[in-house]
Amino acid sequence: MAEQESLEFGKADFVLMDAVTMPEFMANLRLRFEKGRIYTFIGEVVVSMNPYKNLNIYGRDTIEQYKGRELYERPPHLFAIADAAYKAMKRRSKDTCIVISGESGAGKTEASKYIMQYIAAITNPGQRAELCPLFPQSRVIVQQPGERSFHSFYQLLQGGSEQLLRSLHLQKDASAYSYICPGAQLKCSINDGAEFKAVADAMKVIGFKQEEIQTVYKIVAAILHLGNLKFYVDGDTPIIENSKLVSVIAELLSTKAELVEKALLFRTVATGRDVIDKQHTEQEATYGRDAFAKAIYERLFCWIVTHINDVIEVKNYDTTVHGKNTVIGVLDIYGFEIFDNNSFEQFCINYCNEKLQQLFIQLVLKQEQEEYQREGIPWKHIDYFNNQVIVDLVEQQHKGIIAILDDACMNVGKVTDEMFLEALNSKLGKHAHFSSRKLCATDKTLEFDRDFRIKHYAGDVIYSVTGFIDKNKDTLFQDFKRLMYNSSNPVLKMMWPEGKLSITEVTKRPLTAATLFKNSMIALVDNLTLKEPYYVRCIKPNDKKSPQLFDEERCRHQVEYLGLLENVRVRRAGFAYRQSYEKFLHRYKMISEFTWPNHDLPSDKEAVRKLIECHGFQHDVAYGKTKLFIRTPRTLFTLEELHAKMLVRIVLFLQKVKLPLPHKLSSSSLNHPCSPFCLSCCTDSRFGYPPGLLCRWCLAACSCFAGRWRAAELIRSVPPEVLPQLRAKVAAMELLKGHRADIGLQRAWQGNYIALKPDRAQSSGSFTPVANELKRKDKYMNILFSCHVRKVTGLGASRDQTDSHLDQQDINTECPEGLVGLSVSNGKDQLVVFHTKDNKDLIVCLFSNDPSNDSRIGELVGVLASHFKREKRSLHVSVTNPVQCSLHGRKCTVSVETRINQPQPDFTKHRSGFVLCVPGN
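What counts and what doesn't
- Residues numbered from 1 in each chain as written.
- Predicted model: local features only at pLDDT ≥ 70, side-chain atom pairs only at ≥ 80, totals over all residues.
- Heavy atoms only, no water.
- pLDDT = per-residue confidence, 0-100.
- Contact = heavy atoms within 4.5 Å.
- Pairing = 2+ DSSP bridges.
- Helix = DSSP H or I, 4+ residues; strand = E, 2+ residues; numbered from the N terminus.
- Axes fitted to C-alpha atoms, helices over the stretch in contact; angles between N-to-C directions.
- UniProt positions renumbered as here; feature names shortened; annotations may be inferred.
- Buried < 20%, exposed > 50% of the residue type's maximum accessible area, 1.4 Å probe, protein only.
- Phe/Tyr/Trp six-rings, centres within 6.5 Å; stacked < 30°, edge-to-face > 60°.
- Lys NZ or Arg CZ within 6 Å of the ring centre and 35° of its normal.
- Salt bridge = Lys/Arg side-chain N within 4 Å of Asp/Glu carboxyl O.
- Left-handed = near helix turned anticlockwise from the far one by under 90°.
- Core = buried A, V, L, I, M, F, W, Y, C linked by side-chain atoms within 4.5 Å.

Asks: What is the right way to read the confidence of the model for the chain from this model?
Replies: When pLDDT is low, close inspection of the predicted coordinates is not appropriate. Here the chain shows a mean pLDDT of 82. Residues at 70 or above account for 85%. Counting contacts from residues 659–690, a segment whose pLDDT is below 50, to residues more than four positions away or on other chains yields 37 contacts. Here residues 803–815 scores under 50 on pLDDT; set against residues more than four positions off or in separate chains, the count is 34 contacts.

Structure, rendered in structure tokens:
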């Protein structure tokens with residue numbers, strides 16, 4: 001559990017939900033998204049929501065907050081899971097892997113980038129991370145609605161220089177290229193030109209040679225040109241309609257145009273001792289072209305990944321000196337897909353996710369069982385949905401769907417997709433997770449001779465068999481492999497080693513696409529089984545890429561197919577929370593007189609037992625060898641509430657006694673390590689009896705030492721992200737306590753209210769761009785405070801204003817540099833006067849609709865006072881009614897009056913200045 005986050009942000013760990021139900025899961029997910037908390041734990045899994053905006057939570061300061069900390073010591077974050085994987089690798093000398101899954105647009109790639117950034121920041125040259133590619137080939141040639149193809153295509157077109165594009169025979173307009181045309185029409189927040197330069201610079205930094213970078217550009221360009229090739233048949237002869245492109249492709253791939261044309265239109269077949277060229281049909285030529293394009297891009301991708309892994313691999317590694325060579329793998333994998341039309345590609349992708357879900361549940365159960373055994377906690381069997389039956393339905397030898405599909409592809413003669421479906425009906429008709437229209441004649445959601453349904457763990461998916469046979473056949477003919485191997489470009493030649501074989505040497509029937517995919521999945525699972533895996537599950541909140549919209553139905557769909565609720569059930573089946581005795585005491589010892597400030601019991605375990613028993617929680621816990629296990633979330637929340645209340649009491653007490661009286665020595669002072677020495681100076685006869693003044697000085701020093709020490713211990717337990725709010729509240733209390741009735745100490749201070757929860761929807765849309773422009777123009781980093789205000793203009797009129805800095809029209813935009821003081825009234829109104837160096841004071845009334853009685857004066861004063869204190873500058877704050885001020889050099893007063901029928905606060909002119917009229921009912 002991320003203990004440091006307030007419950008106003010929802011449950012930081014889904015395991016701590018009161019009830020494991022979909023409505024409660026969705027409610028917590030929505031609340032955290034709307035509160036700006038995009039990460040949530042499920043035990044040791046991170047659920048990540050795409051915020052569709054840049055967040056300042058990945059800098060060096062944040063990295064330091066997570067470095068070396070245990071997973072639950074900090075709020076949920078990608079850095080927490082990255083650090084956990086790194087520590088596991090170092091402590092147990094075992095390879096680890098972070099598996100990132102989710103659908104397109106959910107933020108998988110960004111998540112992997114931030115994880116790699118963190119690992120790079122905390123490791124030294126003797127350690128490394130490893131990229132593990134699992135590549136979605138079909139995206140090269142076709143994309144789902146609302147998706148772009150791979151960014152590299154658009155980056156090259158938008159970022160490449162005119163000279164580079166001319167050399168590649170390209171134009172900037174992405175809609176001119178068939179493979180990527182749909183994505184060219186989409187609105188995208190990515191700056192492709194800037195990203196192109198960033199990628200090019202990164203390749204140079206990591207050690208790619210200039211000729212290698214040029215080869216990358218040539219391959220990407222060749223794929224774009226391949227997509228524009230069109231075929232037709234003249235009689236029995238296949239012909240390329242736009243044959244000039246063949247010469248362009250040949251030039252880019254460093255081969256001959258006639259060889260490219262032959263590979264596209266013919267297939268060389270060996271029959272015994274004879275070798276013949278078999279002509280393609282128009283459809284076969286199109287399939288071959290697409291297979292070639294996908295294969296080129298995949299080989300390029302794998303070559304880049306291998307190149308990077310080679311560069312970051314530790315050279316001259318000596319295991320006797322450095323220990324076992326371990327790695328952290330980062331696996332970015334596509335998520336479960338359910339579309340209106342699901343074909344062969346979705347079948348493979350969903351099989352992949354089915355396989356990984358099975359592994360995930362098994363490993364979570366295994367980790368749970370191992371921890372229980374280590375801690376001596378009895379293990380009870382956990383019921384869960386075992387999807388091995390679905391995995392077998394797909395991959396089982398001789399009986400599974402892939403085996404039946406391969407048999408259909410190998411049959412002699414014309415085999416159709418309908419014949420394949422008939423074979424499925426015949427062999428799988430009695431399987432509980434398979435159905436078709438023939439098997440279920442009344443199910444009108446299925447089409448005869450076209451559809452079959454699989455009941456996946458994530459839900460039912462209807463697949464159309466149309467194209468299964470052709471897509472499963474190996475249309476990447478050996479001709480293409482020989483063509484690339486014989487290229488004069490050494491990089492290309494290196495990518496296609498199997499092209500070395502002549503046609504007479506290739507005797508085995510090539511494996512089908514489905515079998516190749518199955519084999520890669522089995523190898524991947526075997527690899528992951530040898531590693532200690534960690535998981536990031538990515539969710540896209542909406543399809544409009546809006547940072548504010550939470551599409552309930554869309555999110556629920558992803559939660560279901562990611563199996564998140566099942567994850568929670570498995571993790572919750574035993575104990576919802578566990579923590580070492582030492583860390584548990586460090587956080588909660590203040591809530592028991594037996595453990596505060598330090599206990600004298602035989603062990604931390606006994607101290608924890610005493611604390612638990614004094615609050616009556618002994619029936620909801622179990623005591624392991626090194627950890628306390630808590631069964632239900634309610635117990636933990638009660639502990640958190642007790643901790644929060646006691647923390648406030650202690651901090652307020654310390655503020656009151658921060659200058660201790662000389663004649664008092666509290667009993668807690670005697671616990672300070674300095675106390676015995678100081679007291680012995682005053683009482684030991686060997687030194688003689690000192691004057692009374694010296695005794696009083698020693699007692700005062702002891703008390704002061706103890707107070708400072710206790711304060712430091714308490715502050716150390718406060719999370720770093722809470723400290724600014726705590727400092728601001730202390731500053732507000734020092735300035736306003738006793739002068740104003742309500743300064744808002746009991747509520748959370750959020751600061752940037754307009755950005756977090758706009759009071760007025762019509763103005764919220766323009767706030768962020770205006771604030772960003774001010775940041776760029778005035779070079780400031782953070783907004784200290786923002787809310788809507790009603791202000792007095794230079795002409796004496798009253799109008800509403802969105803306050804984004806303080807006010808860029810009335811105060812120098814370097815504010816609070818130009819600010820010298822504040823004046824507020826002593827009532828419950830929200831009047832504030834900002835006093836400036838140039839006597840052009842700003843008169844405003846803070847405005848809040850939600851809730852209407854929300855007082856923000858204390859927060860504003862506290863935030864500014866705390867900021868000025870950090871800057872070592874003084875800020876004068878006056879509490880009075882009426883308030884004296886200066887408007888454009890003219891002295892005036894602002895008073896506050898209560899009026900019964902006043903609908904909302906407003907300023908009116910008065911002979912001596914202005915009156916703020918506030919509602920009195």
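Asks: Sorry, what's going on with the sheet that holds strand β12 (residues 459–464) here?
Replies: Within a sheet, neighbouring strands are paired by backbone hydrogen bonds and run either parallel or antiparallel to one another. On the basis of which strands lie adjacent, the open sheet formed by three strands has the order β10-β11-β12 and antiparallel pairing. Each edge of the open sheet carries a strand with a single partner, namely β10 (434–436) and β12. In this sheet, neighbouring strand axes are inclined to one another by 25 degrees on average, regardless of whether the strands run parallel or antiparallel. Helix-sheet contacts for helix α14 (residues 344–375) involve β11 (451–456) and β12, and the interaxial angle to β12 is about 150 degrees.

Asks: What's the story with the UniProt feature "binding site: ATP" (unreviewed entry) in the chain in this structure? I'm lost.
Replies: When the UniProt feature table is mapped to this numbering, "binding site: ATP" (unreviewed entry) covers G102, E103, S104, G105, A106, G107, K108 and T109. Inspection of the secondary structure assignment puts S104 in the loop between β3 (96–102) and α4 (108–122). Relative accessible area serves as the criterion here: at 17%, S104 is assigned to the buried category. Beyond its immediate sequence surroundings of up to four residues, S104 is in contact with R139, E147 and K540. Relative to the elements of secondary structure, T109 occurs in helix α4. For T109, a relative accessible area of 47% puts it in the partly exposed group.

Asks: Please explain the environment of R587 as it appears in this structure.
Replies: With respect to the helices, strands and loops of the structure, R587 is situated in helix α24 (residues 581–588). Once the C-alpha coordinates of R587 and S717 are considered, the two residues, 130 residues apart in sequence, prove to be 7.0 Å apart.

Asks: Can you help me understand the pairing of β12 in this one?
Replies: Consecutive residues of a regular strand have side chains that alternate between opposite faces of the sheet. In this sheet, β12 lies alongside β11 in antiparallel orientation, the contact comprising six bridges. Paired with K455 across the bridge in β12 is D460.

Asks: Could you clarify how one ought to interpret the packing of aromatic side chains in this entry?
Replies: Geometrically, a pair of aromatic rings is defined through the distance of the ring centres and the angle of the planes. A full pass over the atoms with the stated rule returns 25 aromatic pairs. With a centroid separation of 4.4 Å and an interplanar angle of 15 degrees, the aromatic rings of F292 and F480 are classed as stacked. Pair noted here: F292 is in helix α12 (residues 282–312) and F480 is in helix α19 (residues 478–485), with a separation of 188 residues, a long-range link. F480 carries the same exposure label as F292, and that label is buried. Geometrically, the ring pair formed by F434 and F452 is stacked, given 5.7 Å between the ring centres and 25 degrees between the ring planes. Here F434, found in strand β10, pairs with F452, found in strand β11; they are 18 residues apart in sequence, far enough to count as distant. As far as burial versus exposure is concerned, F434 and F452 are alike and both buried. Here the guanidinium or amino end of R139 rests over the ring plane of F150, the centre of that ring lying 5.5 Å away. We note R856 situated over the ring of Y753; from NZ or CZ to the ring centre the distance is 3.8 Å.

Asks: I tried to follow helix α16 (residues 401–410) on my own but got confused; where do I start?
Replies: Side chains of residues three or four places apart in an α-helix project in the same direction, reflecting 3.6 residues per turn. For α16, the buried fraction is high: eight of the ten residues fall into the buried class. Three or more residues of α16 are buried, namely I401, I402, A403, I404, L405, D406, A408 and C409. Where the residues of α16 are buried, they touch α14, α15 (388–395), α17 (417–428), β11, α18 (468–472) and α21 (513–529).

Asks: Even after reading the chapter, I still don't get the pattern of salt bridges, so can you show me in this structure?
Replies: Where side chains of opposite charge bring their charged atoms close, a pairing between them can arise. Under the counting rule described, the total for this entry stands at 32 salt bridges. For E395, the salt bridge is made with K355, and the minimal N-O distance between the two is 2.8 Å. Separated by 40 residues along the polypeptide, E395 in helix α15 and K355 in helix α14 bring together distant segments of the chain. Given a relative accessible area of 9%, K355 falls into the buried group. Here R899 makes a salt bridge to E897, at a shortest N to O gap of 3.5 Å. Each of R30, E34, E552 and R556 takes part in salt bridges that share partners, so that together they form one network.

Asks: Explain unusual backbone geometry here, please?
Replies: Glycine aside, the phi torsion of most residues is negative, and most peptide linkages are trans. Cis geometry marks the peptide bond from W596 to P597; its omega dihedral reads -5 degrees. Along the chain, the position of P597 falls in the loop between α24 and α25 (604–614). The phi angle at S254 is positive, at roughly 55 degrees, despite the residue not being glycine. By secondary structure assignment, the location of S254 is in the loop between α10 (244–252) and α11 (257–265). The phi dihedral of D449 falls on the positive side, at around 55 degrees, and the residue is not glycine. With respect to the element layout, D449 can be found in the loop between β10 and β11. On the basis of relative accessibility, which here comes to 53%, the residue D449 falls in the exposed class.

Asks: Explain the packing of helix α1 (residues 22–34) against helix α22 (residues 552–561) here, please?
Replies: Helix-helix packing is described using two parameters, namely the angle between the two axes and the distance between the axes. Where α1 contacts α22, the two axes come as close as 11 Å, and the packing angle between them is 115 degrees. Along this stretch, α1 crosses α22, giving a crossing that reads as right-handed. Residues M22, F25, M26, L29 and R30 of α1 lie in contact with α22, whose contacting residues are E552, C555, R556, V559 and E560.

Asks: It is not clear to me how the nonpolar core should be interpreted in this structure. Could you clarify?
Replies: The nonpolar side chains of a soluble globular protein tend to be buried, and buried together. Membership of the largest hydrophobic core comes to 134 residues, with the highest contact counts inside it found for F25, L29, I115, F420 and F452. It is α14 that provides the largest number of residues to this core, a total of 13 residues. Beyond its immediate sequence surroundings of up to four residues, F25 is in contact with F14, M17, I42, V559, L564, L565 and V568.

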